[in-house]
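Single-letter residue listing:
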Amino acid sequence: MESFAFHSLSTPTSFSRFSQLHHRPRRISRSQLNPTPSLSLRSPIIISQPFFPFPFPSKPHYPIQASSSPPPPPPSKSPPAPPLQGAKPIPFVVSICIGLIVRFAVPKPVEVTPEAWQLLSIFLSTIAGLVLSPLPVGAWAFLGLTASVVTKTLSFSAAFSAFTNEVIWLIVISFFFARGFVKTGLGDRIATYFVKWMGKSTLGLSYGLTFSEVLIAPAMPSTTARAGGVFLPIIRSLSLSAGSEPASPTAKRLGAYLIQNQFQSAGNSSALFLTAAAQNLLCIKLAEELGVIVSNPWVTWFKAASLPALVCLLVTPLILYKLDPPEIKDTPEAPALAAKKLESMGPVTQNEWIMVGTMLLAVSLWIFGDTIGIASAVAAMIGLSILLLLGVLDWNDCLNEKPAWDTLAWFAVLVGMAGQLTNLGIVNWMSDCVAHNLRSFSLSWPASLAVLQAAYFFIHYLFASQTGHVGALYSAFLAMHRAAGVPGVLAALALGYNTNLFGAITHYSSGQAAVYYGGLSLSIMSSNFCVFYFSFQLYYYLACVGSVTYFVQFPMLQWIIYILLLNYMHVNCVWF
């Protein structure tokens, strides 16, 4: 029987049959094939064993079917819809409609010019967008700025005038200072030392974290940076070491208490120092634009805030310890963990010492700047220049601090619009209307103070930013206070303290709220909301009374007033 033989013109016949793949096949006689009635494209060709020098199992082989179509691909799932780009439709429409309704549907008061009324409608649309978030805050503020220029409501120079505001640049530089604290590890080291010294019990641990917050606050002007860069990692480590997991029943062992205590204490530490939070600086600047001048602002702010803030800082851990006690009372392992961490951190580095010296210089200039003629923004510029010259920060650190540049953009837009509203008479018109209504109820100025402060406080449920709240409403409410007969400095300071306190009323009310909420989950935050609501009211009334007692010329009398107030709350079971 003749087999398949492959020959090549260029390859010797001594090569094995398997290596001769390109040879021309010989003709195969019909007798060598299995007899079949007829061959079709689907008929198999059987190659038997004698064709090969070694045993090979018989297997059918089908010729390639050139004319047949490939099998259909398996059904695939429909591709997911692309994410929505641009503005969110419903928030966008609602925000725009608010401005259009004010502009075209609400009758313009006689006292208001068309230009001022049009700017008010744009401003209200901008504020609505800040609340509803059809776009990121900076993008929406830029759209509002563009609308004010395109409609010729504001000139280009007037629209961008707030970008040269020294307070806004002071706020931007404060973000860079906060990055320096985090980058060098100085803030972490200070907090860890307090844990080592006071962390033998849960209550002592909470006081240690509170005192470290107070110590860092005046030189680190960002409550959010302190929360995310310093205290949240420490609290998370301590909680996990005690078996207290977020979003689990074990959260109440330690983590829920520590996080709530730090969350509430942050508002008081921010209210204690003018430079402890960005919104404080803006409050002073907006007050000056309305003619309320706070002399020697750093010292005046501290003197007025010291009594209520220190009282609240001292009693907050105790209140929380009584109302929502942690399951773990003693934490003997915390000092050991802190000591181990300090050992791993090593000695204080050169950059940390530079950071300490720079911050001491900056705080000193903030305190005595009015005396020696150095503005707060200039003092901050000097401090940042030192950090850049000595390499503690580099320019990439500043460029990567995106929240700082975002704040510069949208904050300048809000402040600029608010200033133009004041110049065009809108703020005075609104304050006169509110004051007239308050007088119709025969309210004295202390009663008007309480009503307006309460309104300013509870409106914050609509806001997710303290600085955004200040930019939108501070000027209007300060003008309302003055029209109602409230002393200007008292109203300005009380609104400023209030701005810090309402940062802890919800899990979205401030930047630090978002940090703590995201870091230790909503279950820790929301489970105790009703408990801490009473604490918020306590802080609110203490802040207001503290501002009033500042005007009493006898410090001892201030303390007597507070002792009587605290005793009254204790007797009437407000706390326990």
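Residues numbered from 1 in each chain as written. Predicted model: local features only at pLDDT ≥ 70, side-chain atom pairs only at ≥ 80, totals over all residues. Heavy atoms only, no water.

A.B. asks: Where do I start with unusual backbone geometry in this structure?
C.D. replies: Excluding glycine, residues mostly have negative phi values, and the peptide bonds linking residues are mostly trans. For Lys-152, which is not a glycine, the phi torsion comes out positive at approximately 60°. Mapped onto the fold, Lys-152 is located in the loop between helix H3 (137–150) and helix H4 (156–159). The exposure class of Lys-152 is exposed, given its relative accessible area of 72%. Positive phi outside glycine occurs at Ser-442, with the angle close to 55°. Inspection of the secondary structure puts Ser-442 in the loop between helix H17 (426–440) and helix H18 (445–458). (Helix = DSSP H or I, 4+ residues; strand = E, 2+ residues; numbered from the N terminus. Buried < 20%, exposed > 50% of the residue type's maximum accessible area, 1.4 Å probe, protein only.)

A.B. asks: So what exactly am I meant to see when it comes to the packing of helix H9 (residues 255–272) against helix H11 (residues 297–323) here?
C.D. replies: Axis angle and axis distance: for two packed helices, these are the angle between their axes and the distance between the axes, and together they describe the pair. As a packed pair, H9 and H11 sit with axes 8 Å apart at the nearest point and diverge in direction by 170°. Viewed along their axes, H9 and H11 adopt a mutual orientation that is roughly antiparallel. Packed against H9, whose contacting residues are Tyr-257, Gln-260, Asn-261, Gln-264, Ser-265, Asn-268, Ser-269, Ala-271 and Leu-272, the element H11 presents Trp-301, Phe-302, Ala-305, Ser-306, Ala-309, Leu-310, Cys-312, Leu-313, Thr-316, Pro-317, Leu-320 and Tyr-321 at the interface. The class makeup of the residues in the contact of H9 with H11 is 13 nonpolar, eight polar and no charged. (Axes fitted to C-alpha atoms, helices over the stretch in contact; angles between N-to-C directions. Parallel < 35°, antiparallel > 145°, perpendicular 65-115°, else oblique. Contact = heavy atoms within 4.5 Å. Nonpolar A, V, L, I, M, F, W, Y, C, P; charged D, E, K, R; others polar.)

A.B. asks: What should I look at first to understand the environment of Ala-227 in this one?
C.D. replies: Residue position: Ala-227 is located in helix H8 (residues 223–241). With 35 residues separating them in the primary sequence, Ala-227 and Gln-262 have C-alpha atoms 8.4 Å apart. Not counting the four nearest positions on each side in its chain, Ala-227 is found in contact with Leu-232, Pro-233, Gln-512, Val-515 and Tyr-516.

A.B. asks: What is the right way to read a nonpolar patch on the surface from this model?
C.D. replies: Taken together, the side chains of Ile-90, Val-94, Ile-98, Val-131, Leu-132 and Leu-462 define a hydrophobic patch exposed on the protein surface, amounting to about 510 Å² of accessible area. The set of elements that each furnish at least two residues to the nonpolar patch consists of helix H1 (89–105) and helix H2 (114–132). A per-element tally of the nonpolar patch places H1 first, with three residues. By the element assignment, Leu-132 lies in helix H2. (Patch = residues over 30% accessible without salt bridge, like charges linked within 9 Å, V, L, I, M, F, W, Y side chains within 5 Å. Areas by Shrake-Rupley, 256 points an atom, 1.4 Å probe, with all protein chains shown as cover. Salt bridge = Lys/Arg side-chain N within 4 Å of Asp/Glu carboxyl O.)

A.B. asks: Help me understand the side chain of Thr-331, please; the structure alone is not making it clear to me.
C.D. replies: Mapping Thr-331 onto the fold places it in the loop between H11 and helix H12 (333–345). Apart from residues lying up to four places away in sequence, Thr-331 is in contact with Gly-199, Lys-200, Ser-201, Thr-202, Leu-205 and Leu-254.

A.B. asks: Could you clarify how one ought to interpret the pattern of salt bridges in this entry?
C.D. replies: Considering all chains together, one arrives at seven salt bridges under this definition. Linking Glu-401 and Arg-179 is a salt bridge whose minimum nitrogen-to-oxygen distance equals 2.5 Å. In this pair, Glu-401 is assigned in the loop between helix H15 (395–400) and helix H16 (402–423) and Arg-179 in helix H5 (residues 166–184), connecting sequence segments 222 residues apart. A relative accessible area of 12% places Glu-401 in the buried class.

A.B. asks: What should I look at first to understand the environment of Val-315 in this one?
C.D. replies: Here Val-315 is to be found in helix H11. Take Val-315: its relative accessible area is 12%, and that puts it in the buried class.

A.B. asks: Help me understand helix H10 (residues 278–289), please; the structure alone is not making it clear to me.
C.D. replies: In an α-helix, one full turn covers 3.6 residues, which means residues spaced three or four apart are oriented alike. Spanning twelve residues, H10 covers 17 Å between terminal C-alpha atoms, matching the ideal 16 Å at 1.5 Å per step. Burial runs high along H10: nine of the twelve residues are buried. Taken together, the buried positions of H10 are Ala-278, Gln-279, Asn-280, Leu-281, Leu-282, Cys-283, Ile-284, Leu-286 and Ala-287. The elements touched by buried residues of H10 are H5, H9, H11, H16, helix H19 (466–483) and helix H20 (488–501). Trailing H10 by a residue or two, Gly-291 shows a phi angle of about 85°, which is positive. (Expected span 1.5 Å × (residues − 1).)

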